[in-house]
Amino acid sequence: MPYQFLKFETKDGVSVITLNRPEVYNALNDEITFELQDAFKVVAKDKSIRVVVLTGEGKAFCSGQDLKTGSHASAGKRSFLDSLNKRYNPLILGMRDLPKPIVCRLNGVAAGAGCSIALACDIIVASEEASLIEVFINIGLVPDSGSSHFLPRLVGMAKAFELCSTGKKIGGQEAFDLGLINKVVKHNELDAAVKFYTDYYSHAPTRAVGLIKKMLRKSATASLEEMLEYEAYLQEIAGSTHDHQEGVTAFLEKRKPTFLGM
């Protein structure tokens, strides 16, 4: 379906979702957050889609909540609880529950909720010119949209507190050094670096990749005993897939497997 504030293109099993409000650094208004929710639902239902790229049009990835539009222009008229429960939280959960990998093409600044959305992706490939900033503290707010979940797990409690309570901007190289992102490259090499991942995931055993994503999410709060049981449960599912059979057959025949994502 056509979107007003997103570009959505699919080719050869790869969907590219582009935040498309470059004139405001892809700031998030009501419409774009609902469009993002819908786009990820479309991806989840389409079996031909094996991997998603999420990026921003223009110089920025996403500058966070648009404070200049509609009711958000006046803090007194805004219900943060309502906004998060209807707009941001379903989006983040939709991304984390998506049984397919999401590659963030971090082309520029990701601030506030934009930072949270980037961190909700499975792989982050960043330009040297990109940056991440938990900007909430600068307007007297606390992190939301999942940042309080993602950051401590990525950088530890002390560093997470520093980033959230000071609003320090983290450049691409520092983000890589901290373990916030997977790869940092020169800006003109960004598309090639993203393609390396999409080429892999568009030919990977997609069901197994989705189960790994689900497994690692549960591991954050589960005991070893619980994870051993859960691994066995998911392995039974993975073992019944076409791609498992293809992988074993290819190994025995000493050839490269052709995974269909089934």
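Before reading further, recall that the structure is shown in the block above.
The numbering scheme is per chain: residues are counted from 1 as the chain's sequence reads. It should be noted that, the model being predicted, local features are given only for residues of pLDDT at least 70 and side-chain atom pairs only at 80 or more, the latter also being counted only at that level, while totals for whole chains, interfaces and linings use all residues. The basis for the side-chain values is all heavy atoms of the structure; hydrogens and waters are excluded.

1. Quick word on the pattern of salt bridges
Inference 1: Definition used for salt bridges: Asp or Glu carboxyl oxygen within 4 Å of a side-chain nitrogen of Lys or Arg. Scanning all chains against the criterion turns up 13 salt bridges.
Inference 2: For the salt bridge of Asp191 with Arg105, the shortest nitrogen-to-oxygen distance reads 2.8 Å. Residue Asp191 is found in helix H7 (residues 190–201), and its partner Arg105 is found in strand E4 (residues 102–106); the two are separated by 86 residues along the sequence.
Inference 3: We call a residue buried when its accessible area falls under 20% of the maximum for its residue type, exposed when it is over 50%, and partly exposed in between, using a 1.4 Å probe and counting protein chains only. Since its relative accessible area comes to 18%, Arg105 is described here as buried. Put simply, DSSP marks the helices as runs of H or I at least four residues long and the strands as runs of E at least two long, and each gets a number from the N terminus on.

2. Examining the layout of surface pockets
Inference 1: Its boundaries defined by the atoms lining it, the largest pocket holds a volume of some 810 Å³.
Inference 2: The method works on a 1 Å grid over the protein atoms by themselves. A cavity is a set of points holding a 1.4 Å probe that cannot get out, a pocket is an open set with protein on both sides within 12 Å along at least five of seven lines, and residues with an atom within 4 Å of a point line them. Arg96, Leu119, Cys121, Asp122 and Phe150 are the residues nearest the centre of the largest pocket, which is lined by 27 residues in total.
Inference 3: Those elements that provide at least two residues to the lining of the largest pocket are helix H2 (80–97), strand E6 (123–127), helix H4 (147–155) and helix H8 (206–219).
Inference 4: Per-element accounting of the lining of the largest pocket gives the leading share, 5 residues, to H8.
Inference 5: Note on residue classes: Ala, Val, Leu, Ile, Met, Phe, Trp, Tyr, Cys and Pro are nonpolar, Asp, Glu, Lys and Arg are charged, and everything else, Gly too, is polar. When the residues that make up the lining of the largest pocket are grouped by side-chain class, the tally is 16 nonpolar, 6 polar and 5 charged.
Inference 6: By volume, the second largest pocket amounts to about 340 Å³. Grid points are joined across faces, edges and corners, and a volume is the space filled by probe spheres set on the points.

3. What to know about helix H10 (residues 242–252)
Inference 1: For H10, the full list of buried residues reads Asp243, Glu246 and Ala250. Looking straight down H10, one finds that the buried residues subtend no more than 55° of arc, so they occupy a single side. Residues of H10 that are exposed and point over 90 degrees away from its buried face: Phe251 and Leu252.
Inference 2: Once H10 finishes, Lys254 follows within two positions and takes phi at roughly 55°, a positive value. Note that the arc is defined by the directions from the helix axis to the C-beta atoms.

4. Regarding helix H5 (residues 157–166)
Inference 1: Considered for burial, the residues of H5 that qualify are Lys159, Ala160, Leu163 and Cys164. Considered in projection along H5, the buried side chains sweep an arc of 125° and stay on one side of the axis. Every exposed residue of H5 that faces more than 90 degrees away from the buried side is listed here: Met157, Ala158 and Phe161.
Inference 2: What makes two residues a contact is simply this: any of their non-hydrogen atoms within 4.5 Å. Buried residues in H5 make contact with H4, strand E8 (170–171) and helix H6 (172–178).

5. Observations regarding the nonpolar core
Inference 1: Membership of the largest hydrophobic core comes to 48 residues, with the highest contact counts inside it found for Phe40, Leu54, Met95, Leu106 and Leu180.
Inference 2: Not counting residues within four places of it along the chain, the set of residues in contact with Leu106 comprises Phe61, Ala118, Ile124, Val125, Ala126, Ser127, Ala130, Leu132 and Leu190.
Inference 3: Counting residues in hydrophobic clusters, the runner-up holds 14 residues, among them Val53, Ala193, Val194 and Tyr201. The criterion is simple. A nonpolar core is a set of buried Ala, Val, Leu, Ile, Met, Phe, Trp, Tyr and Cys residues joined through side-chain atoms within 4.5 Å.

6. Overview of unusual backbone geometry
Inference 1: Unlike most non-glycine residues, Ser145 shows phi in positive territory, near 60°.
Inference 2: Counting through the fold element by element, Ser145 comes out in the loop between strand E7 (131–133) and H4.
Inference 3: Backbone geometry places Lys254, a non-glycine residue, at a positive phi of 55°.
Inference 4: Take Lys254: it is sitting in the segment after H10.
Inference 5: Given the relative accessible area of 79%, Lys254 is considered exposed.

7. A few points about the packing of aromatic side chains
Inference 1: In summary, the pairing rule links any two rings of Phe, Tyr or Trp, Trp by its six-membered ring, whose centres are within 6.5 Å, and it sorts them by plane angle into stacked for under 30 degrees, edge-to-face for over 60 and tilted for everything else. If you walk through the whole model with that rule in mind, you get 4 aromatic pairs.
Inference 2: Ring centres of Tyr200 and Tyr201 lie 4.9 Å apart, and the angle between their planes is 75°; this geometry places the pair in the edge-to-face category.
Inference 3: A relative accessible area of 17% means that Tyr201 is categorised as buried.
Inference 4: Taking NZ or CZ as reference, Arg21 lies 5.3 Å from the ring centre of Phe5, over its face.
Inference 5: Here the guanidinium or amino end of Lys218 rests over the ring plane of Tyr230, the centre of that ring lying 5.0 Å away. Counted as over-ring charges are cases with an Arg CZ or a Lys NZ within 6 Å of the ring centre that also lie within 35 degrees of the ring normal.

8. Regarding the sheet that holds E8
By way of backbone hydrogen bonds, the strands of a sheet pair with one another, either parallel or antiparallel.
Inference 1: Pairing between strands is defined by DSSP: at least two bridges between them are needed. If you trace the 3 strands from one edge of the open sheet to the other, you get E5-E7-E8, paired in mixed fashion. A strand with exactly one partner marks an edge of an open sheet, and here the two such strands are strand E5 (109–111) and E8.

9. Topic: the pairing of E4
Inference 1: In terms of burial, E4 is largely enclosed, as 5 of its 5 residues are buried.
Inference 2: Burial of the side chains of E4 extends over both faces: Ile102, Cys104 and Leu106 are buried on one face and Val103 and Arg105 on the other.
Inference 3: For strand E3 (residues 51–56) and E4, the ladder comprises 3 bridges, and the chain directions are parallel. Its bridge partner being in E4, Leu54 is matched across the sheet by Cys104.
Inference 4: Of the pairings in the sheet, the one linking E4 to E6 comprises 4 bridges and is parallel in character. Across the sheet, the residue bridging to Arg105 is Val125, located in E6.

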